Amino acid sequence: MEFMRLIQHRYSVREYKPDPIDPMVLQQALEAARLAPTAANRQPFRLIVIHTASKREELNRIYARDWFIHAPIVICACGIPEQGWVRADGKSYIDVDIAIVMDHLSLAAADLGLGTCWIASFDVGAVREILNIPENVEPLIFMTVGYPADEIGEKERKPLSELINYELWE
């Protein structure tokens, strides 16, 4: 798909068909995540791919929304802070790295006919327990993945003139 059309088409899907995802299609989306640029190319992340069919009860403890557990795949993106790049003033770029990785995954999925939705509001304690995440790893984002059963709604975005400054903050 042509890129501008792709980003206009991509939306946060909250209703999924029960159809399983072809493993090769999923692999392509995951490859896009692997190829995402990260600060100093450190790739300080791990993705946990979860097939929801047999884990709905546990996933409901993580995020209690029906559409979350009805997507055929849920991916948990975890950052590994000790592997991440840190700016001279101490600012860690782990959140930025994970956002880039998940954006690549989301756009590749859309290009492959899949829908996705980012989830940042979840029970971290339940995630750690259910997915066996060690203390030195930070679960940052969940993403549902599947074939959309809903349709894109109208996207409201601010005009470019409200978002861009040139040369200075004005």
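Not measured: the values here are computed from a predicted model.

## Observations concerning the overall build of the protein chain
Phase 1 of the analysis: For the protein chain, the helix and strand inventory stands at six helices and four strands.
Phase 2 of the analysis: In the protein chain, the succession of α and β elements from N to C terminus is α-α-β-α-α-β-α-β-α-β.
Phase 3 of the analysis: The C-alpha radius of gyration of the protein chain comes to 17 Å, within 12% of the 15 Å expected for a compact globule of 170 residues.
Phase 4 of the analysis: Its C-alpha atoms give the protein chain principal-axis dimensions of about 50 × 40 × 30 Å.
Phase 5 of the analysis: Taken over 170 residues, the protein chain has a buried fraction of 40%.
Phase 6 of the analysis: As displayed, the protein chain has an accessible area near 10,400 Å², and 52% of this comes from carbon and sulfur atoms.
Phase 7 of the analysis: Both charge centroids of the protein chain, one from 17 positive and one from 25 negative side chains, sit 2 Å from each other.

## Describing the pairing of strand E3 (residues 115-119)
Phase 1 of the analysis: Within E3, four of the five residues are buried, which leaves the element mostly enclosed by the surrounding structure.
Phase 2 of the analysis: Relative to strand E4 (residues 138-146), E3 runs antiparallel, the two being bridged by five bridges. Opposite Ile119, over in E4, you have Phe142 as the bridge partner.

## Describing a nonpolar patch on the surface
Phase 1 of the analysis: A surface patch of nonpolar side chains, amounting to about 460 Å² of accessible area, comprises Leu160, Leu163, Ile164 and Tyr166.
Phase 2 of the analysis: Mapped onto the elements, Ile164 comes out in the segment after E4.
Phase 3 of the analysis: Its relative accessible area of 35% is what places Ile164 among the partly exposed residues.

## Describing the side chain of Thr144
Phase 1 of the analysis: Looking at the element boundaries, Thr144 is found in strand E4.
Phase 2 of the analysis: Of note is the side chain of Thr144, whose polar atom sits 2.5 Å from the side chain of Tyr16.
Phase 3 of the analysis: Once residues within four sequence positions are removed from consideration, Thr144 is found in contact with Val13, Tyr16, Trp67, Phe68, Ala71, Ile73, Val74, Gly115, Thr116, Cys117 and Ile119.

## So, the packing of helix H2 (residues 23-34) against helix H5 (residues 94-111)
Phase 1 of the analysis: Between H2 and H5, whose axes approach to 7 Å, the crossing angle comes to 150 degrees. Classified by the angle their axes make, H2 and H5 are roughly antiparallel. For the pair H2 and H5, the sense of crossing is right-handed. On H5, the residues touching Ala29, Leu30, Ala32 and Ala33 of H2 are Val101, His104, Leu105, Ala108 and Ala109.

## Here we look at the sheet that holds E4
Phase 1 of the analysis: Spatially, four strands are ordered E1-E2-E4-E3 in an open sheet, and the strand pairing comes out antiparallel. Only two strands of the sheet have a single partner each, and these edge strands are strand E1 (45-51) and E3. Sheet twist, expressed as the average angle between the axes of neighbouring strands with direction ignored, equals 20 degrees.
Phase 2 of the analysis: Strands E1 and strand E2 (73-79) of the sheet are contacted by H2, whose axis makes an angle of about 165 degrees with E1.
Phase 3 of the analysis: Its contacts with the sheet put helix H6 (residues 124-131) on E1, E2 and E4, and the angle it makes with E4 is roughly 80 degrees.

Thresholds applied
Residues numbered from 1 in each chain as written. Predicted model: local features only at pLDDT ≥ 70, side-chain atom pairs only at ≥ 80, totals over all residues. Heavy atoms only, no water. Helix = DSSP H or I, 4+ residues; strand = E, 2+ residues; numbered from the N terminus. Rg over C-alpha atoms; globule rule 2.2 N^0.38 Å. Buried < 20%, exposed > 50% of the residue type's maximum accessible area, 1.4 Å probe, protein only. Areas by Shrake-Rupley, 256 points an atom, 1.4 Å probe, with all protein chains shown as cover. Lys, Arg positive; Asp, Glu negative; His and termini not counted. Charge placed at Lys NZ, Arg CZ, Asp CG, Glu CD. Pairing = 2+ DSSP bridges. Patch = residues over 30% accessible without salt bridge, like charges linked within 9 Å, V, L, I, M, F, W, Y side chains within 5 Å. Salt bridge = Lys/Arg side-chain N within 4 Å of Asp/Glu carboxyl O. Polar contact = N/O pair within 3.5 Å; in protein donor to acceptor, adjacent residues only side chain to side chain. Contact = heavy atoms within 4.5 Å. Axes fitted to C-alpha atoms, helices over the stretch in contact; angles between N-to-C directions. Parallel < 35°, antiparallel > 145°, perpendicular 65-115°, else oblique. Left-handed = near helix turned anticlockwise from the far one by under 90°.

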